[in-house]
Amino acid sequence: PAKSANRRGNGAAQSTASVASSTAASSSSSSPSSATSSLLDGTKFGLLLFGLSAGALWAYRIRLTAIETYGLVIHEFDPYFNYRAAEYLHQHGPTKFFTWFDRMVWYPLGRPVGTTIYPGMQ
């Protein structure tokens with residue numbers, strides 16, 4: 001009985017040691033995979049940030065094309081006129097809007113808004 005208890009004791013000690021070593025090995029093996037995962041997440045974030053920045057820069061350059069080509073001139077898509085036209089349409093209704101002769105634009109001639117405005121702009 002003493003020998004069998006001793007054997008059981010040695011076996012228990014050996015199995016405890018093997019469990020401890022396998023736990024240590026598994027915890028150390030999970031660190032490199034988590035480091036690789038965080039590196040991949042950082043790379044994805046960097047690529048996403050680069051793509052968004054490049055897209056924003058490209059959009060800004062497209063918007064500046066008219067200024068680079070023609071200079072600082074407001075062309076036919078004048079936002080202030082469109083605002084005034086929408087305000088006039090709201091205050092006076094569509095019948096008066098389409099017969100409106102605006103003397104504040106195209107100075108000194110004025111502009112017949114109803115016949116010269118772009119479709120869909122009213």
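Criteria and cut-off values
Residues numbered from 1 in each chain as written. Predicted model: local features only at pLDDT ≥ 70, side-chain atom pairs only at ≥ 80, totals over all residues. Heavy atoms only, no water. Helix = DSSP H or I, 4+ residues; strand = E, 2+ residues; numbered from the N terminus. Contact = heavy atoms within 4.5 Å. Areas by Shrake-Rupley, 256 points an atom, 1.4 Å probe, with all protein chains shown as cover. Core = buried A, V, L, I, M, F, W, Y, C linked by side-chain atoms within 4.5 Å. Buried < 20%, exposed > 50% of the residue type's maximum accessible area, 1.4 Å probe, protein only. Salt bridge = Lys/Arg side-chain N within 4 Å of Asp/Glu carboxyl O. Phe/Tyr/Trp six-rings, centres within 6.5 Å; stacked < 30°, edge-to-face > 60°. Expected span 1.5 Å × (residues − 1). Bend = angle between axes of the 7 residues up to and from the residue.

S.K.: I keep staring at the overall build of the chain and nothing clicks. Help me out?
M.R.: A count of helices and strands for the chain gives four helices and two strands. In the chain, the order of α-helices and β-strands from amino to carboxyl end is α-α-α-β-β-α. Long-range contacts, defined as pairs at least 24 residues apart, comprise 28% of the intrachain contacts of the chain with a sequence gap of at least 6. Accessible surface, the chain: about 10,000 Å² in total, of which carbon and sulfur atoms supply 66%.

S.K.: What am I meant to see in the nonpolar core here?
M.R.: If you look at soluble globular proteins, the nonpolar side chains tend to sit buried side by side. Among the nonpolar cores identified, the biggest contains eight residues, and these are Phe-81, Ala-85, Tyr-88, Phe-97, Trp-100, Val-105, Val-113 and Ile-117. Excluding residues that lie within four positions of it along the chain, Val-105 makes contacts with Phe-81, Arg-84, Gly-110 and Arg-111.

S.K.: Explanation requested: the pattern of salt bridges in the structure shown.
M.R.: Any two side chains of opposite charge can pair if their charged atoms end up close together. Enumeration over the complete set of coordinates arrives at two salt bridges. Residues Arg-61 and Glu-68 are paired through a salt bridge, measuring 3.1 Å at the closest nitrogen-oxygen approach. On the basis of relative accessibility, which here comes to 49%, the residue Glu-68 falls in the partly exposed class. Put simply, Asp-102 and Arg-84 hold a salt bridge, and the shortest N to O gap is 2.7 Å. In this pair, Asp-102 sits in strand β1 (residues 101–102) while Arg-84 sits in helix α3 (residues 79–97), placing the two residues 18 residues apart along the sequence. Judged by relative accessible area, which is 3%, Asp-102 ranks as buried.

S.K.: I would appreciate a short explanation of the packing of aromatic side chains in the present structure.
M.R.: Both the distance between ring centres and the angle between the ring planes are used here to describe each pair of aromatic rings. Taken as a whole and judged by the stated rule, the model has three aromatic pairs. Between the aromatic rings of Tyr-88 and Trp-100, the centroid separation amounts to 4.0 Å while the plane-to-plane angle is 5°, which identifies the pairing as stacked. Placement of the pair is Tyr-88 in helix α3 and Trp-100 in the loop between α3 and β1, with a sequence separation of twelve residues. Judged on exposure class, the residue Tyr-88 and its partner Trp-100 are both buried. With centroids separated by 5.2 Å and ring planes inclined at 80°, the aromatic side chains of Phe-97 and Phe-98 adopt a geometry described as edge-to-face. Looking at Phe-97, the relative accessible area reads 0%, which means it is buried. Taken together through their ring pairs, the aromatic side chains of Tyr-88, Phe-97, Phe-98 and Trp-100 make up a single cluster.

S.K.: Can you help me understand α3 in this one?
M.R.: Each α-helix winds once per 3.6 residues, and so residues spaced three or four apart point in a common direction. Taking 1.5 Å per residue, 19 residues should reach 27 Å; α3 reaches only 18 Å between its end C-alpha atoms and comes up short. Roughly 95° is the biggest bend found in α3, and it falls at Gln-91, with proline Pro-94 one to four residues downstream. For α3, the complete set of buried residues consists of Phe-81, Arg-84, Ala-85, Tyr-88, Gly-93 and Phe-97. Those residues of α3 that are buried are in contact with β1, β2 (111–112) and α4 (113–116).

S.K.: I'm lost on the side chain of Arg-84 in this one. Help?
M.R.: For Arg-84, a relative accessible area of 11% puts it in the buried group. Among residues more than four places away in sequence, those in contact with Arg-84 are Trp-100, Asp-102, Met-104 and Val-105.

Purely spatial values, then, with no claim about function.
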